[in-house]
Each structure stands twice: as C-alpha cells, then as structure tokens.
Amino acid sequence: MHEIELSPITSGGLKSISDDDLCSRCLHCNYKPGELSSCSQGWPGMEDADGYVQACWNWTPRSQAK
Ligand code: SF4
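Remember, it's a predicted structure, so these values are computed and weren't measured experimentally.

What surrounds the ligand is a group of 14 residues, the closest being Cys23, Cys26, Cys29, Cys39 and Cys56. Within the shell around the ligand, the residues separate by chemical class into ten nonpolar, four polar and no charged.

Looking down a regular strand, the side chains alternate between one sheet face and the other. In strand β4 (residues 36-39), alternate side chains face the same way, and those of Ser37 and Cys39 are buried while those of Leu36 and Ser38 on the opposite face are not. The sheet contact formed by strand β2 (residues 15-16) and β4 spans two bridges and is antiparallel. Looking at the pairing, lysine 15 lines up with serine 37 of β4. Across two bridges, strand β3 (residues 29-30) lies against β4 in antiparallel orientation. By the bridge assignment, cysteine 29 is partnered in β4 with cysteine 39. Two successive antiparallel strands, β3 and β4, enclose a turn made up of five residues, where glycine 34 displays a positive phi of approximately 85°.

Rules of the game
- Residues numbered from 1 in each chain as written.
- Predicted model: local features only at pLDDT ≥ 70, side-chain atom pairs only at ≥ 80, totals over all residues.
- Near = placed C-beta within 6 Å.
- Nonpolar A, V, L, I, M, F, W, Y, C, P; charged D, E, K, R; others polar.
- Buried ≥ 20, exposed ≤ 12 C-beta atoms within 10 Å, placed from the backbone.
- Helix = DSSP H or I, 4+ residues; strand = E, 2+ residues; numbered from the N terminus.
- Pairing = 2+ DSSP bridges.

Take a look at the structure:
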C-alpha cells in the first residue's frame, strides 16, 4: 500500500473536470461536464497522477452556498 501522490494543479486557466473531481461539487468551479471548466480561485487544489482533483483547501460545497 502506498498513499496517492498529489501535486499542485498545473492548469493555469481552463481544465477538464469530471464527476470524480472534487471541483465538480465546489462552489468556486464553473463546472462544464464534457467541456473545459474554470475555477474562480485559480485552481489551488491538488491533483493525482491522472489529473483528478483530490484535495483543496478552498473547496466549498455547493450545498452550503447561498
Ligand atoms: S477552489 Fe479548489 S475545489 Fe474548488 S474549483 Fe477551485 S480547485 Fe477545485
């Protein structure tokens, strides 16, 4: 067993996001399934080797948004 290695998101602007990404449930993400999405915080999260965002200190659940 080894832990998943995460690295900072390198995408400076738009990024392909799927349901598996933390971002798809984040208030800061302009989530466009099948297209390129944007993050109003400049992608501060961490992604795994496959490019899925797994952790982010700025993650804000949409359900808590007003
Ligand atoms: S703030 Fe973090 S979790 Fe939210 S969209 Fe940006 S990178 Fe993803």
